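Structure assessment
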Amino acid sequence: MRLFLTQISSQSALAHLFRGSLNCFSDQPGESFQTFGPSEGPVAESVFIGGMFVQYGGAYADLCARLGLCGEAEEVRNAVDEMKRTLLTDGWDGEWFLRAYDAFGNKVGSRDCREGKIFIEPQGFCALAGVGLETGQLRQALDSARTHLLGKYGMELLAPCYTEYHLELGEISSYPPGFKENGSVFCHNNPWMVCGEAVLGRGNEAFDLYRRICPAYLEEESDVHETEPYVYSQTVTGRASGDPGHAKNSWLTGTASWAFLSVSQAILGIQPEYDGLRVAPCLPDWLTEYTVCRRFRGTMYVIHVLCTGTPSLTVDGQVIDGTLIPLFPGRAQVAVEVTL
């Protein structure tokens, strides 16, 4: 097995990013999984974090280039490219991305596993980063996730659920099937899959996932969820629980911010960039016209998008080439008309 980071960097500070909580080895009830055990072993590696490395490493390289740090930008881009190659080889399990290698060097989230064959996190973040887009592996990974993980209330964390405790995995295998980390719908990472579908250009699939966890579309499920109908919950019991749909830990989640990003930037496609706002929507078939008001760097952009016609972009009547709305410093408001 190749270790991801040793191939791309000798910096020990970066290496710590790749050694997560897969070395728990807690064998006493009541011990804290967050503080117990050797968490800095030399073997355990996270494919999920590898996807993060590609996503945010690329963003950091772009920032370095803008700051004139060309050498650092090149070094980071080379590391990102190497990580992509590693994810598509050692991180790939044939139909989806592995979750990790554990402290013994064994695969986690593989078709070779009896339980925990596929996990949502690496599919989502590798998709966000566009890993495998050109090779077709990304499409295959998201299709596999829909096949194995998608239920009525969203996409579940893993399948099949663990039915016994695994010393090397710790907390994730300590919950009953369908609860919390062991196969519930963890709402926090469903928006990653929404963004991933948008990377593929699949607007219907992106909105379908968004709708399954969005409170505005779940009023009729309030008696099942048993939490406030106007707020995201951290987790919803999965199909393996035998009683799916019960929500827990409302307000205690980062879901809302990710959900907002997924609908505003991935679906509606209003994306902030250094030089302006990019309009690049990925819409369901039924949505053909909408207006977004977006305050950006002191200016209110009122953006009207029409999805049928000759492609064009105008700002206060001025024709702009491409899909990037430029900055208008000092302007209180501008009117943007976009035809796709």
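The structure this text deals with has already been given above.
This structure is a prediction, so every number in the text was calculated from the model and none was measured. (Residues numbered from 1 in each chain as written. Predicted model: local features only at pLDDT ≥ 70, side-chain atom pairs only at ≥ 80, totals over all residues. Heavy atoms only, no water.)

Observations concerning the overall build of the protein
- The helix and strand inventory of the protein stands at nine helices and 18 strands.
- Each of the 340 residues in the protein was classed as buried or not, and the buried ones make up 51%.
- Relative to all contacts within the protein whose residues are 6 or more apart in sequence, the contacts with residues 24 or more apart total 58%.
- About 15,800 Å² of surface is accessible on the protein, with carbon and sulfur atoms providing 55% of the total. (Helix = DSSP H or I, 4+ residues; strand = E, 2+ residues; numbered from the N terminus. Buried < 20%, exposed > 50% of the residue type's maximum accessible area, 1.4 Å probe, protein only. Contact = heavy atoms within 4.5 Å. Areas by Shrake-Rupley, 256 points an atom, 1.4 Å probe, with all protein chains shown as cover.)

Thoughts on the pattern of salt bridges
- The final tally for this structure, using the stated rule, is 18 salt bridges.
- With a shortest N-O distance of 3.6 Å, arginine 99 and glutamate 121 are connected by a salt bridge. One end of the pair, arginine 99, is in the loop between helix H3 (70-89) and strand S2 (100-101); the other, glutamate 121, is in helix H4 (residues 120-128), and 22 residues separate them in sequence.
- By relative accessible area, arginine 99 is classed as buried at 17%.
- Salt bridges sharing common partners tie together Asp143, Arg146, Glu197, Arg202, Asp208, Arg211 and Arg212. (Salt bridge = Lys/Arg side-chain N within 4 Å of Asp/Glu carboxyl O.)

Some remarks on H3
- With 20 residues, H3 ought to run about 28 Å at 1.5 Å a step, and its terminal C-alpha atoms sit 29 Å apart, in line with that.
- Of the positions making up H3, those classed as buried are Ala73, Val76, Ala79, Val80, Glu82, Met83, Thr86 and Leu87.
- Taken together, the buried residues of H3 touch helix H2 (47-66) and H4. (Expected span 1.5 Å × (residues − 1).)

Concerning the sheet that holds strand S17 (residues 324-326)
- Spatially, S11-S12-S17 is the arrangement adopted by the three strands of the open sheet, whose pairing is antiparallel. Each edge of the sheet is formed by a strand with only one pairing partner; in this case those strands are strand S11 (270-273) and S17. Between one strand and the next, the sheet's axes are offset by a mean angle of 30°, whatever the strand orientation.
- As judged from the three bridges shared by strand S12 (residues 276-279) and S17, these two strands associate in the antiparallel manner. Each residue of the ladder has a partner; that of arginine 278, found in S17, is leucine 324. (Pairing = 2+ DSSP bridges. Axes fitted to C-alpha atoms, helices over the stretch in contact; angles between N-to-C directions.)

Observations regarding the environment of valine 292
- Summarising the element assignment, valine 292 is placed in strand S13 (residues 289-296).
- The buried category is assigned to valine 292, whose relative accessible area is 15%.
- Valine 292 sits 44 residues away from valine 336 along the chain, and the two C-alpha atoms are 9.7 Å apart.

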